[in-house]
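Below, each chain spelled out in residue letters.
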Amino acid sequence: MENQSHLKSIFLSVFLFVCLTSQLFSNNKDSLLQEIAKHKGDTLVVRLYCKLANAVMNSDIDKAISYNEKAILEAKKFKFDKGIAFSTNQAGLSHSRKGNRREALDYFFQSYEYHKKLNDVNGMCKNLMNLGSEYQYLSKYDSSFFYLEKGVEVATESGDEKSMSTFMEKMGILYAYKGNYEEALNHFLKALDYSEKNNDTVGMGMQYNNISIIYSFSGETDKAREMLQKALVMKIATNDKNGEATCYLNLGTSYQDNGDSQKAYEYYKKYMDIALQSGDQMAISQGYNAIGVALTGLGKYEEAIGMYKKAIEIDKKINNMQQLAYNYLTMADVYGFKKDYNQVVHYLQMSIDISKKLGVKRQIMQGYESMAKAYEAKKDYPKAHEALKNFILYKDSTMNEEIKEKMTEMEVKYDSEKKQWQIDNLNKKKKLKEIEVEKKNLTIESEKKQKIAYAGGLALMIVLAFVVFKSYSRKKRDNEIISQQKLEVEEKNREILDSIQYAKRIQSAILPPQKVVKEYLRESFILYKPKDIVAGDFY
């Protein structure tokens, strides 16, 4: 049963293999070094160093870290922010591969700040994914959730559905680690929905794989295998060798979980064939471990030990300390089946020592629990009691740490909300002040406009009054002139009329009166019709 317990850890570790290991680089190390020599003094050298780090990561993790650090130095020398953001993220991945959790976190935080400065949403999402994974490695699940949820917010705002799918998947993995399979399944289904919307066959295959694991944990083996077969078909169709290998690994574990070690062994071998072709040392180590589990189930203990030794040798070579600690645990299991408790204690102690250095408390707990059982089987009760005490100590410490972490997170959340409230309050006050100032300005502007209108109206009235007055004055003057002229005309007329009247009197005095004419000329008449007063043309 103890072996089965470790087996579930293998099954879950597949998530991390699929999600976190980078694609293999075919770049030749020598050609990359030549390219770097050509581009000295150029920002391109930053990416070349990162490529070189990826090329050697599986074979020499320390070299990979060294190349990443050179990339960071070059980027800083050129003040190349985009290069710093990229190379610090790559350095974080290298340290993560080595098991240097604190260093990995530090680099991921640095990268996040640069990506944020550059407003690179895709880069920010990658950093938040990596931060979530690192805290998961440290078993700090609440912190992991915090950064993944933050990533969901960033991805939602930018409409990045591919990142949304990955965040949902990672949160599903966390729920699976915590034993909440219902929520895990819910998140994997959401991730699958995003992948289907974007026609992402690689993502769809990955989610089928993950869903199968949840079905397996829930005891629904047939459904688990059905999902794995769907995933496998997709992986083969898209020539996704990494995904295909993972399907074989999970199918093998599904059969191993049900006690069919022979079938498990067959699938593990298929996985191993692809891992060996890829040259990925971490994948090869995992393959040897899985085959060791199947051989242990088949009772072939010596062959199983041989597989574990190969896995241990690789992990030491690439400095993959967390996987090395895990391999020591499984090696202890096989010696447990052989009832060689001295070797059990030996390998458990090595696993515990490494886990203490890495700070992986759950693995330390697991080691002490198995050690207590081994000492009990040896009838060495004082040491069994001591191992059990250490197990309880680390269990309590882990629980206290989780509680403390939750409290810290709540405090951070409270402080954050309090600060946000203060900011909102200040913003409201500022807004109110702005409204008041704006209102005051509008009043001043309105009064100013009114004054201008009044002044304009008054000026217009003055102008009109002036025009009317001017017109009146001119008219009065004209009337006076006309009156004067009238008087003059009347005077002239009177003078003329007097002259005419005088002329008439003279004319009348010259012309004989009608009485005299009638006296001498009885049959006569006088025709005299002046037009006005006098006439001088006809008589």
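What you see is a predicted model; the values in this text were computed from it and never measured.

With respect to a positive patch on the surface
Okay, step 1: Taken together, the side chains of Arg47, Lys51, Lys82 and Lys126 define a basic patch exposed on the protein surface.
Okay, step 2: Note on placement: lysine 82 falls in helix 5 (residues 81–98).

Focus on helix 4 (residues 61–77)
The periodicity of an α-helix, 3.6 residues per turn, causes residues three or four places apart in sequence to face the same way.
Okay, step 1: The end-to-end C-alpha distance of helix 4 is 24 Å, a good match for the 24 Å that 17 residues give at a rise of 1.5 Å each.
Okay, step 2: When we look at burial in helix 4, the residues that qualify are Ile61, Ala64, Ile65, Tyr67, Asn68, Ala71, Ile72, Glu74 and Ala75.

Observations regarding the confidence of the model for the protein
Okay, step 1: Across the protein, the average pLDDT comes to 81, with 86% of residues at 70 or higher.
Okay, step 2: Counted against residues more than four places away or in other chains, residues 1–27, with its pLDDT under 50, gives 80 contacts.
Okay, step 3: Throughout residues 402–414 the model reports pLDDT below 50, and contacts reaching past four residues in sequence, or to other chains, amount to 11 contacts.

Comments concerning empty space enclosed by the protein
To find leftover empty space, a probe the size of one water molecule is rolled over the atoms.
Okay, step 1: The final tally for this structure, using the stated rule, is 1 cavity of 30 Å³ or more.
Okay, step 2: Of the volumes computed, that of the largest cavity is approximately 30 Å³.
Okay, step 3: What lines the largest cavity is simply Val46, Arg47, Phe80, Lys82, Gly83 and Phe86.
Okay, step 4: Listed by contribution, the elements that provide at least two residues to the lining of the largest cavity are helix 3 (44–56) and helix 5.
Okay, step 5: The element that contributes the greatest number of residues to the lining of the largest cavity is helix 5, accounting for 3 residues.
Okay, step 6: Broken down by class, the residue content of the lining of the largest cavity amounts to 3 nonpolar, 1 polar and 2 charged.

Things to note about the packing of aromatic side chains
The geometry of an aromatic ring pair comes down to the distance between the two centres and the angle between the two planes.
Okay, step 1: Applying the stated criterion across every chain yields a total of 10 aromatic pairs.
Okay, step 2: With 4.8 Å between their ring centres and 55° between their planes, phenylalanine 145 and tyrosine 175 make a pair best called tilted. Residue phenylalanine 145 is located in helix 8 (residues 141–158), and its partner tyrosine 175 is located in helix 9 (residues 161–177); the two are separated by 30 residues in the primary sequence.
Okay, step 3: Assessed through its relative accessible area of 19%, tyrosine 175 is described here as buried.
Okay, step 4: Relative to tyrosine 267, the ring of tyrosine 255 has its centre 5.7 Å away and its plane inclined at 10°; by these criteria the two rings are stacked. Taken together, the positions of tyrosine 255 in helix 13 (residues 241–257) and tyrosine 267 in helix 14 (residues 261–278) put the pair 12 residues apart, joining distant regions of the chain.
Okay, step 5: Since its relative accessible area comes to 15%, tyrosine 255 is described here as buried.
Okay, step 6: The exposure class assigned to tyrosine 267 is buried, which follows from its relative accessible area of 12%.
Okay, step 7: Through successive ring pairs, a cluster of aromatic residues spans Phe109, Tyr135, Phe146 and Tyr147.
Okay, step 8: Over the aromatic face of tyrosine 255 sits the side chain of arginine 225, whose NZ or CZ is 3.6 Å from the ring centroid.

Considering helix 17 (residues 321–337)
Okay, step 1: With 17 residues, helix 17 should reach 24 Å at 1.5 Å per residue; the first-to-last C-alpha distance of 25 Å fits that figure.
Okay, step 2: In terms of residue burial, helix 17 counts as a mostly covered element, since 14 of its 17 residues are buried.
Okay, step 3: Looking one or two residues past helix 17, lysine 339 carries a phi angle of roughly 60°, positive in sign.

Describing the packing of helix 9 against helix 11 (residues 201–217)
Okay, step 1: In contact at an axis separation of 11 Å, helix 9 and helix 11 are set at 15° when each is read in the N-to-C sense. Taken together, helix 9 and helix 11 sit at an angle that is classed as roughly parallel. Judged by the twist between their axes, the crossing of helix 9 over helix 11 is left-handed. Contacts from Ser165, Glu169 and Ala176 in helix 9 reach Met206, Gln207, Asn210 and Ile214 in helix 11.

Some words on the nonpolar core
Okay, step 1: Among the nonpolar cores identified, the biggest contains 100 residues, and Phe167, Met331, Tyr368 and Met371 are the most heavily contacted of them.
Okay, step 2: Take this core: its biggest share by element is 9 residues, from helix 15 (residues 281–297).
Okay, step 3: Residues within four places of methionine 371 in sequence aside, it is in contact with Val345, Leu348, Gln349, Ile352 and Ala387.

A look at the pattern of salt bridges
Okay, step 1: Under the defined criterion, the tally for this structure stands at 9 salt bridges.
Okay, step 2: Residues lysine 197 and aspartate 193 are paired through a salt bridge, measuring 3.7 Å at the closest nitrogen-oxygen approach. Here the residue lysine 197 and the residue aspartate 193 both occupy positions in helix 10 (residues 181–197), the gap between them amounting to 4 residues, near one helical turn.
Okay, step 3: Under the relative-accessibility criterion, lysine 197 is labelled exposed at 56%.
Okay, step 4: Put simply, lysine 338 and glutamate 302 hold a salt bridge, and the shortest N to O gap is 2.3 Å. In this pair, lysine 338 sits in the loop between helix 17 and helix 18 (341–358) while glutamate 302 sits in helix 16 (residues 301–317), placing the two residues 36 residues apart along the sequence.
Okay, step 5: Its relative accessible area of 33% is what places lysine 338 among the partly exposed residues.
Okay, step 6: With relative accessibility at 53%, the residue glutamate 302 sits in the exposed group.

A closer look at the environment of glutamate 196
Okay, step 1: Take glutamate 196: it is sitting in helix 10.
Okay, step 2: Once residues within four sequence positions are removed from consideration, glutamate 196 is found in contact with Met204 and Tyr208.

Notes on unusual backbone geometry
Okay, step 1: Look at lysine 79: it is not a glycine, yet its phi comes out positive at around 55°.
Okay, step 2: Relative to the helices and strands, lysine 79 is located in the loop between helix 4 and helix 5.
Okay, step 3: Even without being a glycine, asparagine 239 presents a positive backbone phi close to 55°.
Okay, step 4: On the secondary structure map, asparagine 239 appears in the loop between helix 12 (221–237) and helix 13.

Scoring rules and cut-offs
- Residues numbered from 1 in each chain as written.
- Predicted model: local features only at pLDDT ≥ 70, side-chain atom pairs only at ≥ 80, totals over all residues.
- Heavy atoms only, no water.
- Patch = residues over 30% accessible without salt bridge, like charges linked within 9 Å, V, L, I, M, F, W, Y side chains within 5 Å.
- Areas by Shrake-Rupley, 256 points an atom, 1.4 Å probe, with all protein chains shown as cover.
- Salt bridge = Lys/Arg side-chain N within 4 Å of Asp/Glu carboxyl O.
- Lys, Arg positive; Asp, Glu negative; His and termini not counted.
- Charge placed at Lys NZ, Arg CZ, Asp CG, Glu CD.
- Helix = DSSP H or I, 4+ residues; strand = E, 2+ residues; numbered from the N terminus.
- Expected span 1.5 Å × (residues − 1).
- Buried < 20%, exposed > 50% of the residue type's maximum accessible area, 1.4 Å probe, protein only.
- pLDDT = per-residue confidence, 0-100.
- Contact = heavy atoms within 4.5 Å.
- 1 Å grid on protein atoms, 1.4 Å probe; cavity = no way out; pocket = protein on both sides within 12 Å on 5 of 7 lines; lining within 4 Å.
- Points joined across faces, edges and corners; volume = space filled by probe spheres on them.
- Nonpolar A, V, L, I, M, F, W, Y, C, P; charged D, E, K, R; others polar.
- Phe/Tyr/Trp six-rings, centres within 6.5 Å; stacked < 30°, edge-to-face > 60°.
- Lys NZ or Arg CZ within 6 Å of the ring centre and 35° of its normal.
- Axes fitted to C-alpha atoms, helices over the stretch in contact; angles between N-to-C directions.
- Parallel < 35°, antiparallel > 145°, perpendicular 65-115°, else oblique.
- Left-handed = near helix turned anticlockwise from the far one by under 90°.
- Core = buried A, V, L, I, M, F, W, Y, C linked by side-chain atoms within 4.5 Å.

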